[in-house]
Amino acid sequence: MLKNIVIVLSFLFISCQGNTQEKKEKTAKKTDTKEIAYAVSKTEEEWKAQLTDMQFYILRKAATENPFTSELLDNKKDGVYVCAGCDTELFKSETKFDSGTGWPSFYQEIEGNVAYDTDYKIGYARTEEHCATCGGHLGHVFEDGPKPTGERHCINGAALKFVPSK
Ligand code: FE
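The following refers to the structure shown. (Residues numbered from 1 in each chain as written. Predicted model: local features only at pLDDT ≥ 70, side-chain atom pairs only at ≥ 80, totals over all residues. Heavy atoms only, no water.)

## With respect to the packing of aromatic side chains
Part 1 of the argument: This structure, assessed with the given rule, holds 4 aromatic pairs.
Part 2 of the argument: For the pair Tyr81 and Phe106, a centre-to-centre distance of 5.1 Å together with 70° between the ring planes defines the contact as edge-to-face. Separated by 25 residues along the polypeptide, Tyr81 in strand S1 (residues 79-83) and Phe106 in strand S4 (residues 105-106) bring together distant segments of the chain. As far as the burial class goes, Tyr81 and Phe106 line up, both buried.
Part 3 of the argument: Taking 4.9 Å as the distance between ring centres and 45° as the angle between the ring planes, the aromatic pair formed by Tyr81 and Phe162 counts as tilted. You can see Tyr81 sitting in strand S1 and its partner Phe162 sitting in strand S9 (residues 160-164), a full 81 residues away along the chain.
Part 4 of the argument: Given the relative accessible area of 0%, Tyr81 is considered buried.
Part 5 of the argument: Three or more aromatic residues joined by ring pairs form one cluster here, namely Tyr81, Phe91, Phe106 and Phe162.
Part 6 of the argument: In this arrangement the basic side chain of Lys42 is found over the ring face of Trp47, its NZ or CZ atom lying 5.1 Å from the centre. (Phe/Tyr/Trp six-rings, centres within 6.5 Å; stacked < 30°, edge-to-face > 60°. Helix = DSSP H or I, 4+ residues; strand = E, 2+ residues; numbered from the N terminus. Buried < 20%, exposed > 50% of the residue type's maximum accessible area, 1.4 Å probe, protein only. Lys NZ or Arg CZ within 6 Å of the ring centre and 35° of its normal.)

Here is the structure:
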């Protein structure tokens, strides 16, 4: 009987160890993603000097602009939307659509130039998106967009600059 109890206890001990180990690994992974070395990397002071206040709070502090305030919201010209922080091409004008939300919206990103993370800021998981080159926060992506992707990239206009086609 005592032997059985010892076996059960050892088993519990081992499985707890297992969990702790797993948790440690997950925490480490999370930290790793925050410490990604971006190709364009600047200090807070350097970003502040380069960007407008609005761009700084959105790109570097993950703030959100008020809806219907971006001059890019109704822009229908041909061209490409680039990162306001580092000029990386992020969205093509042909993927822009009117979502009715008040934020510039696209159904597709320029693949490889946008990176994703999970954000729990408002109590539930949302997919946050940021520039893959400088890490600047852009907005969020949702699954209620139009065809062909069904994605709605809801982007702060202040995080973007528009470069018209020649
Ligand atoms: Fe960028």
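## Remarks on the coordination of the iron ion
Part 1 of the argument: Here the iron ion is held by Cys83 (SG), Cys86 (SG), Cys131 (SG) and Cys134 (SG), and the distances to it run 2.3 Å.
Part 2 of the argument: The site at the iron ion holds 4 donor atoms, and with the angles between them running 101 to 115°, its shape is tetrahedral.
Part 3 of the argument: Along the chain, the residues that donate to the iron ion are spaced as C-x2-C-x44-C-x2-C. Here Cys83 is found in strand S1, whereas its partner Cys131 is found in strand S6 (residues 126-131), with 48 residues between them in sequence. Both residues of the pair, Cys83 and Cys131, count as buried. (Donors = N, O, S within 2.8 Å, 3.2 Å for Na, K, Ca; no water. Tetrahedral: all angles 85-135°; square planar, octahedral: opposite > 155°, others 65-115°.)

Distances and angles like these do not, on their own, reveal function.
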